[in-house]
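# Analysis of the macromolecular model
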Amino acid sequence: MRNILITGGAGFIGSHVVKLFVKKYPDYKIVNLDKLTYAGNLENLRDIESYPNYTFIKGDICDIEKNKEIFTKYKIDSVVHLAAESHVDRSISNPFEFAQTNIIGTLVLLNQAKESWGKDFNNKLFYHISTDEVYGSLGETGLFKEDTPYDPKSPYSAAKASSDHFVRAFNNTYRLPIVISNCSNNYGPYQFPEKLIPLFINNIKNHKPLPVYGKGENIRDWLYVEDHASAIDIVFHEGKIGETYNIGGFNEWKNIDVIKVLCKVMDKKLNRESGQSEKLITFVKDRAGHDMRYAIDSTKISKELGWKPSLQFEEGIEKTVDWYLANKKWLNNVISGDYLEYYNKQYNLR
Ligand code: NAD
Ligand code: TYD
């Protein structure tokens, strides 16, 4: 029996985690707290919304009273904290919102856990989900390990790094039982189409330009979202208190090569002549302070906890493309309102 508060459960990764936990652990009670920002979408959770062990609460992690009420009412004994502002480009235009949610929001939750759990930290856990971006940007060689010094370079990663520091400080100062994982770039179904892969799938589908920042030479380390969710499941149950686990699939790709794979798969799926989609590639102004390379060393989680990813990248990309093509309604619903507003501003379309 656990009473778990999952924050940000209506977002991309959070919705996969909520679905995994609700289905796999019928004895656990899962409370999903999500503000439903532009990135939160209850449609992501349709198949579990009526499960008896699931409760959704619309609310802000920064709301002290709301958190207090939730911890008391649902006797929360564990937190899996995913709620965050997560898009680097948005953090460049609005860093304050990132500091508020990612730093203050995390602090409010930590403090509530400490207050509610008193001195009895037995069978309690605060699990903080973070990113490899806190380590900064790599040169041509090397990998991020758990003890790589923090060197965040965007407002997004600076805010995430700060939240990680607060989580560790609560462990050190108050002995709050915590665990942290830092994961590489995720892709897969239900990702909001402002991030590279779903944005480009949608643009290819609609014969729209593919805006590649700089020369497309930046490198990211890609992991299928369900593999991240399975790692979170393992860290939640087996992770050692106070430890950090890096999660990644040893799967580095230059952006331009990812885009070429996507174009090839899309040509095939849409019965377009080979090479058609690549013609949409358009090099645009680089992102300010664009991190060159991320690459995760996930030896620790695989050796100590036995986790490994299940999918090869090409296989994952094909599954992802199939999902976006089959879920037109989901895509059309999210591509309205706030997203269009943001898109036009970001790419100077007005
Ligand atoms: P997302 O942007 O898709 O979802 C974020 C969710 O948090 C949304 O449902 C949103 O409504 C909710 N939210 C935002 N502000 C909130 C607030 N103040 N109160 C309550 N809910 C709020 O993000 P994602 O890509 O699913 O990322 C989830 C977590 O994983 C984040 O902490 C992110 O830093 C981390 N992460 C993401 C990646 C990635 O590639 N996407 C990689 C590593 C780590
Ligand atoms: P993104 O999906 O935003 O993730 P992150 O910045 O957190 O790694 O971007 C992935 C890579 O793709 C990154 O190097 C920036 C690049 N990119 C583009 O070239 N064009 C785009 O329109 C977007 C959104 C990203």
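Here the structure is shown first, and the text comes after it.
## Quick notes on the sheet that holds strand E1 (residues 3-7)
Taken in spatial order, the 7 strands of this open sheet run E3-E2-E1-E4-E5-E6-E10, and their pairing is parallel. In this open sheet, the two edge strands, each paired with only one partner strand, are strand E3 (54-58) and strand E10 (244-247). Looking at each pair of strands side by side, their axes are set apart by 20° on average, direction ignored. Sitting on the sheet, helix H4 (residues 95-117) touches E1, strand E4 (78-81) and strand E5 (125-131), and the angle it makes with E5 is about 165°.

## Looking at the packing of helix H6 (residues 196-205) against helix H10 (residues 313-326)
Working note: a packed helix pair is described by the angle between its axes plus the distance between those axes. Look at H6 against H10: their axes get within 11 Å of each other, and the N-to-C directions meet at 55°. When the axis of H6 is compared with that of H10, the two are oblique. The crossing of H6 and H10 is right-handed. Where H6 abuts H10, its residues Ile197, Pro198, Ile201 and Lys205 lie against Phe313, Ile317, Thr320, Val321, Tyr324 and Leu325. When the residues that make up the contact of H6 with H10 are grouped by side-chain class, the tally is 8 nonpolar, 1 polar and 1 charged.

## What to know about the pattern of salt bridges
Under the defined criterion, the tally for this structure stands at 14 salt bridges. Between Lys300 and Glu243 there is a salt bridge, and its shortest N-O distance comes to 2.6 Å. In this pair, Lys300 sits in helix H9 (residues 299-305) while Glu243 sits in the loop between helix H7 (225-238) and E10, placing the two residues 57 residues apart along the sequence. The class for Glu243 is partly exposed, based on a relative accessible area of 28%. Connected through shared salt-bridge partners, Lys268, Lys269, Glu318 and Asp322 make up one network.

## Focus on the site of ligand 2
The local shell around ligand 2 holds 19 residues, among which Glu133, Arg220, Arg287, His290 and Tyr347 are the closest. Contact distances for ligand 2 include 2.8 Å between a nitrogen atom and a backbone N or O atom of Pro211. The contact in question runs from an oxygen atom of ligand 2 to an N or O atom on the side chain of Asn255, over 2.9 Å. Starting from 510 Å² of accessible surface for ligand 2 in isolation, the protein chains cover 97%. Counting residues per element, the ones that place at least two in the shell around ligand 2 are H6 and strand E8 (210-213). Class assignment of the residues belonging to the shell around ligand 2 gives a composition of 9 nonpolar, 5 polar and 5 charged.

## Here's the deal with the packing of aromatic side chains
Between two aromatic rings, the relevant description is the distance of the centres plus the angle of the planes. Under the definition given, this model contains 19 aromatic pairs. A ring pair is formed by Phe71 and Trp117, whose centres lie 6.1 Å apart and whose planes are at 55°; its orientation type is tilted. A residue pair is termed long-range when its members are at least 10 positions apart, and Phe71 in helix H2 (residues 64-73) and Trp117 in helix H4 qualify at 46 residues. Summarising the burial analysis for this pair, Phe71 and Trp117 share the class buried. Here the guanidinium or amino end of Lys114 rests over the ring plane of Tyr174, the centre of that ring lying 4.6 Å away. The positively charged end of Lys300 is found above the aromatic ring belonging to Tyr245, 4.7 Å away from the centroid.

## Concerning the site of ligand 1
Around ligand 1, the surrounding shell holds 28 residues, and the nearest of these are Ile13, Asp34, Ser86, Tyr156 and Lys160. One of the backbone N or O atoms of Thr37 is found 3.0 Å from an oxygen atom in ligand 1. When the free accessible area of ligand 1 is taken as 840 Å², the share hidden by the protein chains comes to 97%. Only helix H1 (12-24), E5, helix H5 (155-174) and strand E7 (185-187) provide two or more residues apiece to the shell around ligand 1. If one sorts the elements of the shell around ligand 1 by residue count, E5 sits on top with 3 residues. Partitioning the shell around ligand 1 into residue classes produces 12 nonpolar, 12 polar and 4 charged.

## Focus: the environment of Pro149
Looking at where Pro149 falls in the secondary structure, it is placed in the loop between E5 and H5. The class for Pro149 is exposed, based on a relative accessible area of 62%. A sequence separation of 136 residues divides Pro149 from Lys285, and the C-alpha atoms of the two residues are 30 Å apart.

## A closer look at H6
Within H6, 9 of the 10 residues are buried, which leaves the element mostly enclosed by the surrounding structure. The complete set of buried residues in H6 reads Ile197, Pro198, Leu199, Phe200, Ile201, Asn202, Asn203, Ile204 and Lys205. Looking at the residues trailing H6, positive phi occurs at His207, about 55°.

## Notes on unusual backbone geometry
Even without being a glycine, Leu36 presents a positive backbone phi close to 55°. Note on placement: Leu36 falls in the loop between strand E2 (29-34) and E3. Look at Leu36 and you get partly exposed, because its relative accessible area is 26%. With a phi close to 55°, Asn123 is a non-glycine residue in the positive phi region. Relative to the helices and strands, Asn123 is located in the loop between H4 and E5.

What counts and what doesn't
- Residues numbered from 1 in each chain as written.
- Chains lettered and ligands numbered in written order.
- Predicted model: local features only at pLDDT ≥ 70, side-chain atom pairs only at ≥ 80, totals over all residues.
- Heavy atoms only, no water.
- Pairing = 2+ DSSP bridges.
- Helix = DSSP H or I, 4+ residues; strand = E, 2+ residues; numbered from the N terminus.
- Axes fitted to C-alpha atoms, helices over the stretch in contact; angles between N-to-C directions.
- Contact = heavy atoms within 4.5 Å.
- Parallel < 35°, antiparallel > 145°, perpendicular 65-115°, else oblique.
- Left-handed = near helix turned anticlockwise from the far one by under 90°.
- Nonpolar A, V, L, I, M, F, W, Y, C, P; charged D, E, K, R; others polar.
- Salt bridge = Lys/Arg side-chain N within 4 Å of Asp/Glu carboxyl O.
- Buried < 20%, exposed > 50% of the residue type's maximum accessible area, 1.4 Å probe, protein only.
- Near = heavy atom within 4 Å.
- Polar contact = N/O pair within 3.5 Å; in protein donor to acceptor, adjacent residues only side chain to side chain.
- Areas by Shrake-Rupley, 256 points an atom, 1.4 Å probe, with all protein chains shown as cover.
- Phe/Tyr/Trp six-rings, centres within 6.5 Å; stacked < 30°, edge-to-face > 60°.
- Lys NZ or Arg CZ within 6 Å of the ring centre and 35° of its normal.

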